[in-house]
Structures are given as structure tokens and as C-alpha cells.
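Summary of the model geometry
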Amino acid sequence: MIPKIDPTKTAAWQALKAHFDDVCEVHMNDLFQSDPNRFERFSMVERNVFMDFSKHRITEDTLDLLQALATECHVKEGIQAMFNGELLNETEGRAVLHTALRNTTDRPVYLKSVDVMTDVRRVKAKMRAFSERVIAGDHRGFTGKTIASIVNIGIGGSDLGPCMVVEALKHYGNHLDVRFASNVDANHIVEVCKDLDPETTLFVIASKTFTTQETMTNAHSARAWLVDSIGSEDCVKNHVVAVSTNQEAAVDFGIDPENLFEFWDWVGGRFSLWGAVGLSIMLAIGPDRFEQLLEGAELVDQQVKDKGTLSMPGILALLSLWYGNFFHAETHAILPYDQYLHRLPAFLQQADMESNGKSVDRNGNKIAYQTGAVIWGEPGTNGQHAFYQLIHQGTALIPSDFIAFAVPLHRLSDHHDKLLANCFAQSMAMMQGKSAEAVKSEMRKEGSTEEEMNRLHPYRTFEGNIPSTTLLIEKLTPRSLGQLIAIYEHKILIEGLILNVYSFDQWGVELGKQLAKPILSEIAGSEDSTSMDQSTKGLLRILRNFKLDAT
Ligand code: F6P
């Protein structure tokens, strides 16, 4: 059974509060100065992933207390419960077993005494056979042409994960042009498809429920586009496949069961890229590399099983909780120094915020502490020329994760050296800052007058003491990417366990979906808005007027 402990009621939380008062003003510069081994003490390596967490406002006591908090909150038992297939997602009555999708061993994974691995292996074999046929040009379009483009239609977890991975692993891609359409705004699918040839395009409709408005709307438009241009309803069999837990709805849509790749309710949408939702990834990089992605994630699963909160995800979770609840940091920046990872912040936004953005605990009580942080970010160095100003000199404390690869995938080493220099310089600047004295002496050397120095030095001073983690990975490969994603997935699990929230449901997305229905009827002109609030009614009226004016 998943533990249900209010973290603020633990002895460790109270001790952390007292400890915070002692350390909150301490500057990291002093921590480094007083400990020549700080880097070694606060860093770890797992295979080819190195994590430096020495640039944090922590001491050994901080970590010990955070570990004690995890123990009091029975995190170890929670982790075990997840791997054992217990119904961790209690509000939906579901297990959380996405780790089974990346179990590449012979080990069974039981859910209510049934080994789910039989189904997992069957679907993976089907995905492999299909992908190999498409990649080899054996699966052809209705008119006999080979498939050249793939369009994944999905949203949320049925889009962000596969899209992020396909983008991240572009270097390893084959000849297939794999694209993604998610938004119900037709501008998206129109732009994605406008230069595609329907005769050589394959759509992957990815939806766990196969009822999501955005995805179904896009799927119907894609089908109409195919049928209109190819001229036969029968073309759907060659040009549309589906990924879903809802086989009935997919078949009703017209998907041939042969072209249906299933998954199960124990796979959460935002954790689903490892199974059938990863079909577009498998098509893009081939089944063998897809397998390497799984193997990377599996390595981290093992580390978490063995080390619990002493693993990389454990440390990241504890640090996140420390800043969120003691320093009251409300956001967390993800700063990948690799353009291939440009969708990672968006992917982690869903993974983390949909999981831990909760305000009711596992006992049904309103929460009085801080849960999930706002996750955001952009690849470096672009972010440096946009929002880093606020991180360096704004009033909010924003912990950051720098993610970089030591060995580039190109031969332009000059670019890569500059990229890494910027990455290391930014975390150094955030940590060290620049004192008023240093600024003044610099200005003096530049020939500034005393008046200029006194007037301008406050603007040029950096307090520093801004925390960051650096994940330095040997090289971007399918395996290391699998590790990286799984590190964050388990960070979310562990943090959610301590926060005492149900990390695997997402009721907060339902209300807006419900309310969109009557509003849609209103926009389509068949319903009266009397029951709506004044503002929404007003907006509908203005919308009608704009439309009238435009005709
Ligand atoms: O609206 C949120 C959500 O339910 C996500 O959790 C999910 O990943 C997404 O919608 C898409 O859902 P589906 O895969 O069922 O279309």
C-alpha cells in the first residue's frame, strides 16, 4: 500500500526548518572555500552520466535531513509498490507500470498475478515487424508507392514524448520524415501536411483513450485529406495506423486491427513513450535503436530500485523539494545545451506539472505546502540572450538544470567548445555572482569616474548563490537519452511520494474539457448561453460580432 504521510508532520521536516534558518544565508562561495572536496562530495556518476550537484545551497546535514524525510515518508516502500504493480494511481484504480515497457530481461512483471510481459513483448514484436516493413519500403501506400512521411497525430503524452525523442535523436534518423500534429487549431495539421504527398504519407493516430477531442478532430481531417486525394475509402488501411488502449473505438474509426498497436491503462499518458506510443520513434530510428532507448531507461530503473533516494533521481527530487518548500522557489528551469533537446523542457513540463501539480493529498486533505514547481526552459545558448537576465538578477530564486553532452554529434568542434564554455560559465556565474568590489575595480580599470562607479555599480553587481545542477553526459545516443528521461521520470515519482500527492492522475485537466462542450455548441450556434458567466457570455457576443463584421 502506498504510504500517506503528511511530510510537514515528520520530525525531519521540523528539523529541516530549523536547519534552513542556519543555512539560508550561507553563500555557496563560502561552502566551496571551506571544503576543497565539495565537488567530489556532491557529485555522482552512473555509467556515462555525470551529475554535479555541488552548486546547491546545501551541506551534508541538509542532505542527511532530506534523506531522513524520505525515510519517514516511506519513499522506499512507495518505489517498491510501483515496481510491484500495486495500484499507486488510487483515484483511477490503476497500477503504474511503464517500467515494464522497458524491461528487456526475462523477468516477469506481475499485475494482479498476471505477467504483463507477455503482452508487452507481443506488441513490441508487432511494432518491430511493422516498422521494419515501413522502413524497408515493403509496407506501401494504396497506390503502390513506398511510405516517405509519417505524421503522428496525438496530444499531451501521445505527442510530447515521441516528438521530443524523435527531435532529440534526429542524428540517428533514417530516410523517413517523421512529423507531429497535436493542436486542434487546424493551422497545425495544415502546415504539417501542406508539402506532403498523401500517397506516400502514413498517419499514426496515438491516443490512449481514442476520444480526445484534438486528436480525433485531427484524425478525421487527416482521413478526409487522404480519401479526397487518393479517391478511395479503402486507402485508410494502408495509410492510417493507431496506438491506443481503446481498441473498440479505434476499430470504429476504421482502423484495421492488424494496424492497431495496443497499450494498457497501467501506462500513464505522459510516461507512455516506451511502448506503442513510441511507434513513431521506432519508425524514425529503427527498432534496434528504440531498444537501446529502452535499455538506457532500464539502467535507471535498476539504480532507483537499488539506491532509492540516493540515486540521481532521488537527489534531484530532494533538491526540488528543498527549494520549493524551504526557499519557496516556485519555478525550475531546464536548460539543455543541445539543440536536439529543444522539446525536452516542454516534455518535462507535462511529465512534472501534470503529475505533481496537485493541492489535495493522498488522505483527501487540502495541502498547505508547495507541490510541483513550474517547469520551463529553452536550449542554451538561446536562453542566455532571452531570460537568463531574470535568473541572474531578478527577485525570484530559480534553480536550474544544465544538461550537456561532452562529445558532439558533428565535427564542428569549435561550436561545441563554445557551447560547453557557455554552459559551464552560466552555472559558475549563477553560483559565484560578482561582488560590488569586483565591479568597482573593473570599472576603475575601464576608466570610469568615481561618480559613474557609485551610480552604476549596483546594476552591474550579481549576488550569485543561485543553485544549479549540471548533468554532463558523454554523448547523445538513444541509450543516454533513455537514461536522461528515466532520471526525470523517477525524480517526479520520488518527489510526489514525499509530497504525498497522487502523481499519476490528472483530474485538473477535466473541467476545461467539460466546459468546452457547451461553449462549442454555442459557437456552432445551437445553444443559448444563459447559464454562462458574464465574461464568457460577453466573449461569445464579441466573437459573433467580429464574425459578422468579417463577412
Ligand atoms: O488532457 C490531459 C491528457 O489526458 C494527458 O494526460 C494525455 O497525455 C493527453 O490528455 C492525451 O490523451 P489521449 O492519449 O487519451 O488522447
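As shown above, the structure is provided for reference.
No experiment lies behind these values; they were computed from the predicted model shown.

Overview of the overall build of the chain
For the chain, the helix and strand inventory stands at 23 helices and 13 strands. Taking 24 Å as the expected radius of gyration for a compact globule of 551 residues, we find that the chain reaches 26 Å, a close match to that expectation. For the chain, the spread of C-alpha atoms along the three principal axes comes to 80 × 65 × 60 Å. Scored against the burial criterion, the 551 residues of the chain give a buried share of 54%. Considering only contacts within the chain whose residues lie at least 6 apart along the sequence, 75% involve residues at least 24 apart. Accessible surface for the chain amounts to roughly 24400 Å². Of this, 52% is attributable to carbon and sulfur atoms. Distance between charge centres in the chain, computed from 52 positive and 72 negative side chains, equals 1 Å.

Concerning the site of the ligand
Neighbouring the ligand are 14 residues, the closest being Ser158, Ser207, Thr209, Thr212 and Glu354. At 2.6 Å from an oxygen atom of the ligand is found a side-chain nitrogen or oxygen belonging to Thr209. Here an oxygen atom of the ligand sits 2.5 Å away from a polar atom, N or O, in the side chain of Thr212. The protein chains hide 88% of the 390 Å² of surface that the ligand would expose on its own. Of the residues contributing to the shell around the ligand, the split by class is two nonpolar, nine polar and three charged.

Remarks on helix H10 (residues 213-230)
Helix length check: H10, at 18 residues, gives a terminal C-alpha distance of 26 Å against a target of 26 Å (1.5 Å per residue), a fit within 8%. Once H10 ends, the next one or two residues include Gly231, with phi positive near 90 degrees.

About the cut-offs
- Residues numbered from 1 in each chain as written.
- Predicted model: local features only at pLDDT ≥ 70, side-chain atom pairs only at ≥ 80, totals over all residues.
- Heavy atoms only, no water.
- Helix = DSSP H or I, 4+ residues; strand = E, 2+ residues; numbered from the N terminus.
- Rg over C-alpha atoms; globule rule 2.2 N^0.38 Å.
- Buried < 20%, exposed > 50% of the residue type's maximum accessible area, 1.4 Å probe, protein only.
- Contact = heavy atoms within 4.5 Å.
- Areas by Shrake-Rupley, 256 points an atom, 1.4 Å probe, with all protein chains shown as cover.
- Lys, Arg positive; Asp, Glu negative; His and termini not counted.
- Charge placed at Lys NZ, Arg CZ, Asp CG, Glu CD.
- Near = heavy atom within 4 Å.
- Polar contact = N/O pair within 3.5 Å; in protein donor to acceptor, adjacent residues only side chain to side chain.
- Nonpolar A, V, L, I, M, F, W, Y, C, P; charged D, E, K, R; others polar.
- Expected span 1.5 Å × (residues − 1).

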